[in-house]
Amino acid sequence: MTDYEYDLAFSFTFQDEGVATQLNDLLAPKMKTFIYYDRQKELAGTDGQETFSAVYGAKARCVAILYRPEWGTTRWTRVEMDAIKHRYLNDGWNFATFIATVDNPVMPPWLPQQRLYASLPRFGVASAAAVLEARVTEQGGQPNEESVIDRAARFKREQEFRDEAGQFQRSERGVQAARVAFAEFSEALEAAVAALKPSIPQIAFQESQGYRIVQGLYPTNMIANFRTRYANALDEANMEIKLYKGFPDIPGYRGSISQASTLRSMKLQYRLVGPGRMAYVTADAKALEFSPTQLAEVALKFYMDVAEKQKA
């Protein structure tokens, strides 16, 4: 029997770092996991390509691929994909579990059609974690059984974190952190729009008080808005990203002649999501997590996807 260094390794693009973290938080107490940012100190000074190839190609009993179309196109996921494909030639596909993080993805052409995958948008994080734990067990892993003492310790940690998260929600510190995050989101969105200028010259980013506006893909406009109602609490402080056909009346702008209609919208809250870790969290059952930079990328893609459908 192979002596694996890790029971489970996660492969994902930056858009799914929040999901990977949630899954890792659920599974790490039961097995030895590999998630890149959690192992950075161990990997410091090593050859990245060689290290990652070894983990995904041999050292991990199972691999969880958080799949979206961008996976396999970035520098490190391309290295991980090559290692996974090479391992398949020797071991088959039982070591790998694909978890789609977007609806109705087009899976890689080299993945056998009969190969099933889990859908995160449909089943959620807890169900995906259960699938991964079962896969590790099927492949000879032995996830730790939680003792009464371990469970009591976990309950204590969870309660302490809930208390800390509640304090963050009801504090000036939380409000200030959310304002800083919105500034980071704004800068990242402006930079992302600028990067698109060579391909889409008409696209433009503008600011108006608490609004961040992306225009140019007529007749669709995107407006992101964040306002805090209280100076010492994040209650009712939501980030809203709305896509309009036409342009609505907002401070500093006169709306379009024809009344604007809302096409799609996304609501998020800025929260403490783990010890020392803050993120935007979608205000729905999926509770997906994004850093400010990740959210800017997601918002711009959201805008382009809806605008493209309007022109279809």
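The text that follows walks through the structure, step by step, so that each part is easy to find.

Basis of the calculations
- Residues numbered from 1 in each chain as written.
- Predicted model: local features only at pLDDT ≥ 70, side-chain atom pairs only at ≥ 80, totals over all residues.
- Heavy atoms only, no water.
- Helix = DSSP H or I, 4+ residues; strand = E, 2+ residues; numbered from the N terminus.
- Rg over C-alpha atoms; globule rule 2.2 N^0.38 Å.
- Buried < 20%, exposed > 50% of the residue type's maximum accessible area, 1.4 Å probe, protein only.
- Contact = heavy atoms within 4.5 Å.
- Areas by Shrake-Rupley, 256 points an atom, 1.4 Å probe, with all protein chains shown as cover.
- Lys, Arg positive; Asp, Glu negative; His and termini not counted.
- Charge placed at Lys NZ, Arg CZ, Asp CG, Glu CD.
- Pairing = 2+ DSSP bridges.
- Axes fitted to C-alpha atoms, helices over the stretch in contact; angles between N-to-C directions.
- Core = buried A, V, L, I, M, F, W, Y, C linked by side-chain atoms within 4.5 Å.
- Phe/Tyr/Trp six-rings, centres within 6.5 Å; stacked < 30°, edge-to-face > 60°.
- Lys NZ or Arg CZ within 6 Å of the ring centre and 35° of its normal.
- Expected span 1.5 Å × (residues − 1).
- Left-handed = near helix turned anticlockwise from the far one by under 90°.
- Nonpolar A, V, L, I, M, F, W, Y, C, P; charged D, E, K, R; others polar.

**Considerations on the overall build of the protein chain**
Summing up its helical and strand segments, the protein chain has eight helices and twelve strands in all. Since a compact globule built from 312 residues should have a radius of gyration of about 20 Å, the 22 Å found for the protein chain is in line with a globular shape. If one aligns the C-alpha atoms of the protein chain with their principal axes, the spans along those axes are about 70 × 45 × 40 Å. Expressed as a percentage of the 312 residues in the protein chain, the buried residues total 46%. Taking the intrachain contacts of the protein chain between residues at least 6 apart in sequence as the baseline, contacts between residues at least 24 apart amount to 59%. In the structure as shown, the protein chain presents an accessible area of about 17000 Å², 48% of it carried by carbon and sulfur atoms. Taken as two groups, the 37 positive and 38 negative side-chain charges of the protein chain have centres that lie 5 Å from each other.

**Examining the sheet that holds strand S9 (residues 238-245)**
Pairing is antiparallel across the open sheet formed by seven strands, whose spatial order is S6-S7-S8-S9-S10-S11-S12. In this open sheet, the two edge strands, each paired with only one partner strand, are strand S6 (204-208) and strand S12 (289-290). Inspection of the sheet shows S9 paired to strand S10 (residues 261-274) by eight bridges, in the antiparallel sense. Note that in S10 the partner of Leu-243 across the bridge is Arg-264. Running over the sheet, helix H8 (residues 292-311) touches strand S7 (211-217), strand S8 (220-226), S9, S10, strand S11 (277-282) and S12 and is turned about 165° from S10.

**Considerations on the side chain of Thr-97**
If you trace the backbone, Thr-97 turns up in strand S4 (residues 96-100). Given a relative accessible area of 6%, Thr-97 falls into the buried group. The residues touching Thr-97, leaving out its near neighbours within four places in the chain, are Val-63, Ala-64, Ile-65, Val-131, Leu-132 and Arg-135.

**Overview of the nonpolar core**
The biggest cluster of nonpolar side chains holds 61 residues, and the ones touching the most others in it are Met-239 and Ile-241. Element by element, the count of residues in this core is highest for helix H7 (residues 172-196), at ten residues. Look past the residues within four positions of Ile-241 in its chain and what remains in contact with it is Met-222, Ile-223, Ala-224, Arg-264, Ser-265, Met-266, Leu-268, Leu-295, Ala-299 and Phe-302. Residues Tyr-6, Ala-9, Tyr-56 and Ile-84 belong to the second largest nonpolar core, which totals 21 residues.

**Some details on the packing of aromatic side chains**
Under the criterion given, the structure shown has 17 aromatic pairs. Measuring from ring centre to ring centre gives 4.5 Å for Tyr-88 and Trp-93, while their planes differ by 15°; the resulting arrangement is stacked. Taking relative accessible area as the criterion, Tyr-88 reaches 30% and is therefore assigned partly exposed. Among the aromatic residues, those joined into a ring-pair cluster are Tyr-67, Trp-71, Tyr-88, Trp-93, Phe-95, Phe-98 and Trp-110. In this arrangement the basic side chain of Arg-87 is found over the ring face of Phe-95, its NZ or CZ atom lying 4.2 Å from the centre.

**Remarks on H8**
For H8, with 20 residues, the first-to-last C-alpha span of 29 Å sits near the 28 Å given by 1.5 Å per residue. Within H8, burial applies to Pro-292, Gln-294, Leu-295, Ala-296, Val-298, Ala-299, Leu-300, Phe-302, Tyr-303, Val-306 and Ala-307.

**Remarks on the packing of helix H1 (residues 17-27) against helix H5 (residues 120-138)**
At a minimum axis separation of 9 Å, H1 and H5 run at an interaxial angle of 35°. H5 is crossed by H1, and the crossing has right-handed handedness. Along its contact with H1, which presents Val-19, Gln-22, Leu-23, Leu-26 and Leu-27, the element H5 presents Leu-120, Val-125, Ala-126, Ala-128, Ala-129, Leu-132 and Glu-133. Its residues assigned to classes, the contact of H1 with H5 comprises ten nonpolar, one polar and one charged.

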